[in-house]
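A look at the structure
For reference, the chains in residue letters:
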Amino acid sequence: SLWSSKSAAAATGGISLVDWCADGVSINSRDINPGDLFVAIKGPKYDGHDFVINALDAGAIAAVVDHRPDLIGSKTPLLEVSNTKLALENLARAARQRSAAKIIAVTGSVGKTSLKEALHLVLQKQGACTVSWGNLNNHWGVPLSLSRMSANNNFGVFEIGMNHPGEITPLTKMVRPHIVIITNVELVHSGNFDSIESIADAKAEIFVGIEEGGICILNRDNEQFERLQKAALMAGVKNIISFGMHAEAQARSVNVSADCEGSNVDAIIGGKELSYRIGNPGTNWVYNSLSALAAVDAVGGDVAM
């Protein structure tokens with residue numbers, strides 16, 4: 001099981017009077033899978049405690065609550081905590097602590113989700129891999145995704161997003177990645193930033209959580225490359241890999257033959273020549289493939305699979 005009543009209680013400091021074992025974690029009563037642990041989060045519009053019964057009826061094995069909701073009996077499997085959002089974060093930290101998996105964190109202005117899915121596609125063939133569902137990349141989505149990682153995983157791929165300065169820092173410290181990828185920096189979320197440089201600085205927050213000896217992978221063709229490279233070095237990251245079409249990129253395309261259905265790419269990844277086909281048209285997919293293969297190579301995976 002992913003979480004037992006005892007391991008979840010130890011991780012959160014909560015109390016469970018009934019034994020249970022959960023195979024998953026959810027914060028949405030509408031997408032419960034049988035055997036999930038439902039965490040009743042209080043959001044800006046809804047309180048998950050109002051949906052505990054719905055979650056249990058849908059197959060949740062237990063619920064994490066900060067109080068016993070009305071109509072919930074004493075024998076109902078609950079994990080009672082002081083704060084359910086903090087409990088979810090503590091489950092995430094405990095999941096990360098118990099895992100020896102190689103962890104990759106992905107951020108950037110565009111392309112995060114597609115890159116994350118590409119990494120999952122490759123790595124799941126080489127070992128057990130947990131990946132963020134959809135675009136669950138915020139202060140709820142990141143701990144939720146991380147709490148779903150089992151102790152015997154080989155890899156974890158987590159997307160981290162942001163709309164304001166300071167959002168990435170607590171999330172990357174929770175994920176503690178071995179590899180971080182910044183896909184690019186573009187003028188998005190501009191209403192919350194005064195310049196593209198300030199967006200780059202916010203993306204660079206991802207470096208503060210990287211594990212010692214970790215690697216960052218940056219887009220060599222992006223105009224913010226040098227700023228990000230400097231930020232990585234200042235954060236103590238010594239291993240920097242660049243990708244793109246630039247002659248100095250360690251993961252670079254040397255020839256791209258594009259058609260309406262995709263691209264044939266000749267590339268050099270970590271000093272090795274590689275040719276492959278991308279089944280989606282567009283230069284953005286070429287860049288995604290280069291960063292994905294650079295990350296697979298960095299975690300010791302087989303880039304040819």
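You'll find the structure just up there.
The following paragraphs examine the structure supplied in this document. (Residues numbered from 1 in each chain as written. Predicted model: local features only at pLDDT ≥ 70, side-chain atom pairs only at ≥ 80, totals over all residues. Heavy atoms only, no water.)

Attention now goes to the sheet that holds strand 6 (residues 78-80). Read from one edge of the open sheet, four strands run 3-4-5-6, paired in parallel fashion. Either end of the sheet is taken by a strand with one partner, and the two such strands are strand 3 (24-26) and strand 6. Averaged over all pairs of adjacent strands, the angle between strand axes in this sheet comes to 20°, irrespective of strand direction. With three bridges joining them, strand 5 (residues 62-65) and strand 6 adopt parallel strand pairing. Looking at strand 6, one finds that valine 65 is bridged to glutamate 80. (Pairing = 2+ DSSP bridges. Helix = DSSP H or I, 4+ residues; strand = E, 2+ residues; numbered from the N terminus. Axes fitted to C-alpha atoms, helices over the stretch in contact; angles between N-to-C directions.)

You can see serine 198 is positioned in helix 7 (residues 196-203). Of the residues examined, serine 198 reaches a relative accessible area of 18% and is grouped as buried. Separated by 2.6 Å, the side chain of serine 198 and the backbone oxygen of serine 195 make a polar contact. (Buried < 20%, exposed > 50% of the residue type's maximum accessible area, 1.4 Å probe, protein only. Polar contact = N/O pair within 3.5 Å; in protein donor to acceptor, adjacent residues only side chain to side chain.)

Here we take up the sheet that holds strand 12 (residues 239-244). Read across the sheet, nine strands follow the order 8-9-7-10-11-12-13-14-15 without closing on themselves; strand pairing throughout is mixed. Among the strands making up the open sheet, the edge pair consists of strand 8 (129-131) and strand 15 (272-278). Between one strand and the next, the sheet's axes are offset by a mean angle of 15°, whatever the strand orientation. Bridge analysis of strand 11 (residues 215-219) against strand 12 gives five bridges, and the strand direction is parallel. Residue pairing across strands places asparagine 219 opposite phenylalanine 243, the latter belonging to strand 12.

Here the focus is helix 9 (residues 283-298). Taking 1.5 Å per residue, 16 residues should reach 22 Å; helix 9 reaches 23 Å between its end C-alpha atoms and fits that length. A positive backbone phi angle near 85° is found at glycine 300, which sits one or two residues after helix 9. (Expected span 1.5 Å × (residues − 1).)

Relative to strand 15, strand 14 (residues 262-269) is paired through seven bridges, and the arrangement is antiparallel. If you follow aspartate 266 over to strand 15, its bridge partner there is serine 275.

Glancing now at the side chain of threonine 12. Looking at the element boundaries, threonine 12 is found in helix 1 (residues 5-12). The contact partners of threonine 12, leaving out residues within four places of it in the chain, are Leu79, Val81, Ala87, Asn90 and Leu91. (Contact = heavy atoms within 4.5 Å.)

Per the counting criterion, the structure on display carries ten salt bridges. Of the charged contacts in the structure, one is a salt bridge between glutamate 80 and arginine 68, with a shortest N-O distance of 3.3 Å. Residue glutamate 80 is located in strand 6, and its partner arginine 68 is located in the loop between strand 5 and strand 6; the two are separated by twelve residues in the primary sequence. Of the charged contacts, one joins arginine 227 and aspartate 201 as a salt bridge, the two residues approaching to 2.8 Å between their closest N and O atoms. Remark: aspartate 201 occurs in helix 7 and arginine 227 occurs in helix 8 (residues 225-234); sequence separation between them is 26 residues. With a relative accessible area of 38%, arginine 227 lands in the partly exposed category. Here the residues in one salt-bridge network are Arg96, Arg176 and Glu211, joined through shared partners. (Salt bridge = Lys/Arg side-chain N within 4 Å of Asp/Glu carboxyl O.)

A separate point is a negative patch on the surface. A cluster of acidic residues, Glu186, Asp194, Glu197 and Glu223, forms a negative patch at the surface. With respect to the secondary-structure elements, glutamate 197 resides in helix 7. Relative accessible area serves as the criterion here: at 32%, glutamate 197 is assigned to the partly exposed category. (Patch = residues over 30% accessible without salt bridge, like charges linked within 9 Å, V, L, I, M, F, W, Y side chains within 5 Å. Areas by Shrake-Rupley, 256 points an atom, 1.4 Å probe, with all protein chains shown as cover. Lys, Arg positive; Asp, Glu negative; His and termini not counted. Charge placed at Lys NZ, Arg CZ, Asp CG, Glu CD.)

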